[in-house]
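These are the residues of each chain, in order.
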Amino acid sequence: RILARRTPAVKLLVWPQAAGHYREADWREPDRRNLALDLCDGDFVLKKDADEFFLEEDYAKMRGLMGAGRSLLYALPRLHFWADPDTLRVSHPTLDVDWYPDYQPNLWPRAAGLRYDPRLLHCIPHWKGEAIPAHAISDLHIYHYHWALGKRVKPNDLRSGDLHSG
């Protein structure tokens, strides 16, 4: 809110989320993301959540990718920090495979007109209802601190309740 008051380049949108679990219908993540796309006026879209961070030098790499135009959609792997900001959760080959690399399609040219499908819980960009193959980029990472920061980032989020309840 402070940043939005200081510069016209920042647009603050407040869309209250019900206190329910994120799997419930009122969470409406695709609607929120599509609203952000409607308001986007830059050349490129970088989908980034409040609990995700990038290294400063990675922004220049992303601009280079978009300038090269090798793909319509890029997917970056997320590094998930667990329980605290110093613990990284990685996948086990057979027991726990979903943690790393957890490629997220989140970088594309705005002119492509990609949207989020409101029928899907987890937001995947699509074009006219069709999935788009994303080009995986392994040397840029999303640093995802949701499970390390939990309610300090998203106060009413119940996803990590099992972790924080002991």
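The shown structure was predicted, so the numbers you read here are calculated from the model rather than taken from an experiment.

Analysis parameters
Residues numbered from 1 in each chain as written. Predicted model: local features only at pLDDT ≥ 70, side-chain atom pairs only at ≥ 80, totals over all residues. Heavy atoms only, no water. Phe/Tyr/Trp six-rings, centres within 6.5 Å; stacked < 30°, edge-to-face > 60°. Helix = DSSP H or I, 4+ residues; strand = E, 2+ residues; numbered from the N terminus. Buried < 20%, exposed > 50% of the residue type's maximum accessible area, 1.4 Å probe, protein only. Contact = heavy atoms within 4.5 Å.

Participant: Where do I start with the packing of aromatic side chains in this structure?
Facilitator: A ring pair, where both rings are aromatic, is described by two values, the distance of the centres and the angle of the planes. In the structure shown here, the tally under the stated rule is 5 aromatic pairs. Ring geometry for Phe53 and Tyr145: centres 5.7 Å apart, planes at 70°, overall edge-to-face. Note that Phe53 is positioned in strand β2 (residues 52-53) and Tyr145 in the loop between β10 (142-144) and α4 (146-149), a separation of 92 residues in sequence. Look at Tyr145 and you get buried, because its relative accessible area is 19%.

Participant: What should I look at first to understand the environment of Ala148 in this one?
Facilitator: Here Ala148 lies in helix α4. The exposure class of Ala148 is buried, given its relative accessible area of 1%. The spacing of Ala148 and Phe81 is 67 residues in sequence and 5.4 Å in space, taken between C-alpha atoms. Non-local contacts of Ala148, meaning those with residues more than four positions away in its chain, are made with Phe81, Trp82, Ala83, Asp84 and Pro85.

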